[in-house]
Amino acid sequence: MKKEGIIVLIALFALAFSFGCIGGGGEENETAAGNGYTINVNPKTVIAGGVITVELRLKNIFDNDMSDLSAVIKDLPSSFGTPEENTGILITRGQEYPIIWTIEAPETDLKQTVSPKIEVCFDYVTNFYFDTALVPKDKVTEAIQVQSGYSNGPIKVTQVGLDKIFLKDGTSYTTGSLNIQNNWQGRIERINEIKITPPAENVASEGVKYAKCGNDTTTSIKPEDTNCDILENKLAIGDGLTATVKITTDYDGSDIKVERTNGEINYTYCYEIPMGTITVCPVGQRC
């Protein structure tokens, strides 16, 4: 009786540099386009005690929801007061969300120039998949079509070396990598979960690991898990992670069989929006 099955073993390693272009015999998404916002600060020069209006419009240019979004003005001296932080915002695909702040310039006898910025953070889920062809000994020269891809978002997920397993007697395997790369204008703040979904019945994921994080029976890892705090170390993961992936199978069929592995990366992403220079002029003085 013929058996089939794939076991996926993943080990994550922090990546402190950007990846180059990598293949995988599949689809390659374009770089995330656009900055996803418009901003208007008026006026840029104000008399002491006057009011500055900041109008920000955020647009979701990605495939999935931007959830639990927050926006806060930073690097503004306390003399300007504390502008309200906007939190808990949901922006669905293609939608815009307006935020308006009013900031009162301080009373001052000296000319003052500031350059504040806005920090925007949100939770996002990037879905990904990759195909693996199980190739019998007598079919190694045949052309095989496999695909891989990921949903459009602030990161890209690509695979290398996971597209084929050349079968032998008993258990067969291949070892490759799954690359998670920052692909937009900010940084990855936190990896909330990395999850692998087995491709079919009787197909098991042996485990998701990063060093001592995870074990041989888990199909996902989170920062809250034992030894998984690296996933919330923004200095280590800001540019991304790379996973070493081992796929094994006991398939002993005579035909080429293609299996698809799905997964998702749930993460918090942050970026900054410059507000330009704001000048406060004392009353009665030219500025």
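Notes on the structure follow. (Residues numbered from 1 in each chain as written. Predicted model: local features only at pLDDT ≥ 70, side-chain atom pairs only at ≥ 80, totals over all residues. Heavy atoms only, no water.)

Some details on the state of the cysteines
As a reminder, the rule being used: Here, a disulfide means two cysteine sulfur atoms that sit within 2.5 Å of each other. Secondary structure elements follow DSSP: runs of H or I no shorter than four residues count as helices, runs of E no shorter than two count as strands, and numbering proceeds from the N terminus.
Counted under the stated rule, the structure contains 1 disulfide. Residue Cys121 pairs covalently with Cys270 via a disulfide, S to S 2.0 Å. The disulfide joining Cys121 to Cys270 has a torsion of about 110 degrees about its S-S bond and is therefore right-handed. Of this pair, Cys121 sits in strand β9 (residues 117-135) while Cys270 sits in strand β18 (residues 257-274), placing them 149 residues apart in sequence.

Here we look at the layout of surface pockets
Rules: Cavity: a set of points on a 1 Å grid over the protein atoms alone where a 1.4 Å probe fits but cannot get out. Pocket: an open set with protein on both sides within 12 Å along at least five of seven lines, its lining residues, like those of a cavity, having an atom within 4 Å of a point. Grid points are joined across faces, edges and corners, and a volume is the space filled by probe spheres set on the points. Here the nonpolar group is Ala, Val, Leu, Ile, Met, Phe, Trp, Tyr, Cys and Pro; Asp, Glu, Lys and Arg are the charged ones; every other residue, Gly included, is treated as polar.
One number sums up the size of the largest pocket: a volume of about 170 Å³. Contributing to the lining of the largest pocket are 12 residues, with Leu167, Lys168, Asp169, Tyr251 and Asp252 lying nearest its centre. Across the lining of the largest pocket, the residue classes break down as 3 nonpolar, 3 polar and 6 charged.

Overview of the environment of Glu96
The test is simple: Only heavy atoms matter for contacts: two residues are in contact if any of them lie within 4.5 Å across the pair.
Inspection of the secondary structure puts Glu96 in strand β7 (residues 96-104). Residues Glu96 and Ile61, spaced 35 residues apart in sequence, show a C-alpha to C-alpha distance of 9.3 Å. Apart from the residues within four sequence positions on either side, Glu96 is in contact with Arg57, Leu58 and Lys59.

Quick look at the sheet that holds strand β3 (residues 45-47)
Note the threshold: Two strands make a pair as long as DSSP finds a minimum of two bridges between them. Note on method: axes are straight lines fitted to C-alpha atoms, helices fitted across the in-contact stretch only, with angles between N-to-C directions ranging 0 to 180 degrees.
On the basis of which strands lie adjacent, the open sheet formed by 3 strands has the order β3-β19-β8 and mixed pairing. Each of the sheet's edge strands pairs with one partner strand only, and the pair in question is β3 and β8 (112-114). Across the sheet, the mean angle separating the axes of adjacent strands is 20 degrees when strand polarity is ignored. Examined bridge by bridge, β8 and strand β19 (residues 278-281) share 3 bridges and lie antiparallel to one another. In the strand pairing of β19, Gln112 is matched with Val280.

Topic: the packing of aromatic side chains
Note the cut-off: Between 30 and 60 degrees the pair is tilted, below 30 it is stacked and above 60 it is edge-to-face, where a pair is any two Phe, Tyr or Trp rings, Trp via its six-membered ring, whose centres lie within 6.5 Å. Think of it in three bands: with a 1.4 Å probe and only protein chains considered, a residue is buried below 20% of the maximum accessible area for its type, exposed above 50%, and partly exposed in between.
By the definition in use, this model includes 9 aromatic pairs. Ring plane angle 45 degrees and centroid distance 6.0 Å describe the contact between Phe122 and Tyr269, whose orientation is recorded as tilted. On the criterion of sequence distance, the pair formed by Phe122 in strand β9 and Tyr269 in strand β18 is long-range, its members being 147 residues apart. The exposure class assigned to Phe122 is buried, which follows from its relative accessible area of 0%. Take Tyr269: its relative accessible area is 0%, and that puts it in the buried class. Members of the aromatic cluster, joined through ring pairs, are Tyr37, Phe62, Phe122, Tyr124, Trp184, Tyr267, Tyr269 and Tyr271.

Quick notes on empty space enclosed by the protein
Scanning the entire structure with this criterion turns up 1 cavity of 30 Å³ or more. As for the largest cavity, its lining consists of Phe128, Tyr129, Phe130, Ser148, Gly149, Val157, Thr158, Gln159 and Leu178. Within the residue set of the lining of the largest cavity, elements represented by two or more residues are β9, β10 (148-150) and β11 (155-160). The class makeup of the residues in the lining of the largest cavity is 5 nonpolar, 4 polar and no charged.

Regarding the sheet that holds strand β2 (residues 37-42)
Read from one edge to the other, the open sheet built from 3 strands follows the order β2-β4-β7, with strand pairing classed as antiparallel. Two strands lie at the open edges of the sheet, namely β2 and β7, each paired on one side alone. Each adjacent strand pair in this sheet contributes to an overall mean axis angle of 10 degrees, direction not counted. Here 9 bridges tie strand β4 (residues 51-59) to β7, and the two strands are oriented antiparallel to one another. Of the residues in β7, the one forming a bridge with Leu58 is Tyr97.

A word on the environment of Arg93
Structurally, the position occupied by Arg93 is in the loop between β6 (86-91) and β7. On the basis of relative accessibility, which here comes to 55%, the residue Arg93 falls in the exposed class. Spatially, the C-alpha atoms of Arg93 and Phe62 are 6.1 Å apart, while their sequence positions differ by 31 residues.

Some words on the environment of Ile118
Within the secondary structure, Ile118 is located in strand β9. For Ile118, a relative accessible area of 0% gives the class buried. Spatially, the C-alpha atom of Ile118 lies 4.4 Å from that of Ile73, the residues being 45 residues apart in sequence. Beyond its immediate stretch of four places on either side in the chain, Ile118 contacts Ile39, Val54, Leu56, Ala71, Val72, Ile73, Trp101, Tyr271, Glu272, Ile273 and Met275.

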